[in-house]
Amino acid sequence: QVQLVESGGGLVQPGGSLRLSCAASGNIFSIYGMGWYRQAPGTQRELVAMIPSGASTTYADSVKGRFIISRDNAKNTVSLQMNSLEPEDTAVYYCYAAGRARAGADFQSWGPGTQVTVSS
């Protein structure tokens, strides 16, 4: 099994910044991609940003120019720097990872989620 642990959520005023971090551990041989999704109340979970191995990063249009995703392949971690936060960014943010386990099977894992609230 592969476990993901997120940190860094919280309450911030509009225009402020937060940094989310996620660490993957467990039966990992390789990770194809890591990223972040979010889900606001009453909405579907949506992609925020994804950083695949050896490919370009992907951002939701709503966060382009404000959020920056980064990844440390050696440590199996991914971070999301969120700047110029808006109330519409309020959601539970979930870390996601896909890869191959040491036993040879592919995996997809989700973190438990971390709340981000943007409010004055």
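Since we're looking at a predicted model, the values are computed, not measured.

To continue, consider the state of the cysteines. Here the structure, examined in full by the defined rule, presents one disulfide. The disulfide bridge from Cys 22 ends at Cys 95, spanning 2.0 Å between sulfur atoms. An S-S torsion of about -85 degrees defines the bridge between Cys 22 and Cys 95 as left-handed. In this pair, Cys 22 is assigned in strand β3 (residues 18–26) and Cys 95 in strand β9 (residues 91–100), connecting sequence segments 73 residues apart.

Here we come to the pattern of salt bridges. Applying the stated criterion to the full structure yields six salt bridges. A salt bridge links Arg 38 to Glu 46; the nearest nitrogen and oxygen atoms lie 2.7 Å apart. Between Asp 89 and Arg 38 there is a salt bridge whose closest N-O contact spans 3.0 Å. Separated by 51 residues along the polypeptide, Asp 89 in the loop between β8 (77–82) and β9 and Arg 38 in strand β4 (residues 30–39) bring together distant segments of the chain. Each member of the pair Asp 89 and Arg 38 is classed as buried. One continuous salt-bridge network, built from bridges that share partners, spans Arg 38, Glu 46, Arg 66, Glu 86 and Asp 89.

An order of β1-β3-β8-β7 is seen for the four strands of this open sheet, with the pairing classed as antiparallel. Looking at strand neighbours, the two that pair on one side only are β1 (2–7) and β7 (67–72), the edges of this open sheet. Along the sheet, successive strands turn relative to each other by an average axial angle of 15 degrees, direction set aside.

It is worth spelling out the pairing of strand β5 (residues 46–52) at this point. Relative to β5, β4 runs antiparallel, the two being bridged by six bridges. Pairing of Tyr 37 across the sheet is with Leu 47, part of β5. In textbook terms, the turn of a hairpin is the stretch between consecutive antiparallel strands, and for β4 and β5 this stretch comprises six residues, one of which, Gly 42, has a positive phi near 80 degrees. In this antiparallel pair of consecutive strands, β5 and strand β6 (residues 58–59), the connection spans five residues, and Gly 54 shows a positive phi of 70 degrees.

Although it is not a glycine, Asn 76 sits at a positive phi angle of roughly 55 degrees. The residue Asn 76 is located in the loop between β7 and β8 in this model. Here Ser 84, not a glycine, exhibits a phi torsion of approximately 50 degrees, which is positive. With respect to the secondary-structure elements, Ser 84 resides in the loop between β8 and β9. The exposure class assigned to Ser 84 is partly exposed, which follows from its relative accessible area of 41%.

As a further point, take the nonpolar core. With 30 residues, the main nonpolar core has Trp 36, Leu 80, Met 82 and Tyr 93 as its most contacted residues. Put simply, the parts of the chain that give this core at least two residues each are β1, β3, β4, β5, β7, β8, β9 and β11 (114–118).

Thresholds, definitions, all that
Residues numbered from 1 in each chain as written. Predicted model: local features only at pLDDT ≥ 70, side-chain atom pairs only at ≥ 80, totals over all residues. Heavy atoms only, no water. Disulfide = S-S within 2.5 Å. Helix = DSSP H or I, 4+ residues; strand = E, 2+ residues; numbered from the N terminus. Salt bridge = Lys/Arg side-chain N within 4 Å of Asp/Glu carboxyl O. Buried < 20%, exposed > 50% of the residue type's maximum accessible area, 1.4 Å probe, protein only. Pairing = 2+ DSSP bridges. Axes fitted to C-alpha atoms, helices over the stretch in contact; angles between N-to-C directions. Core = buried A, V, L, I, M, F, W, Y, C linked by side-chain atoms within 4.5 Å.

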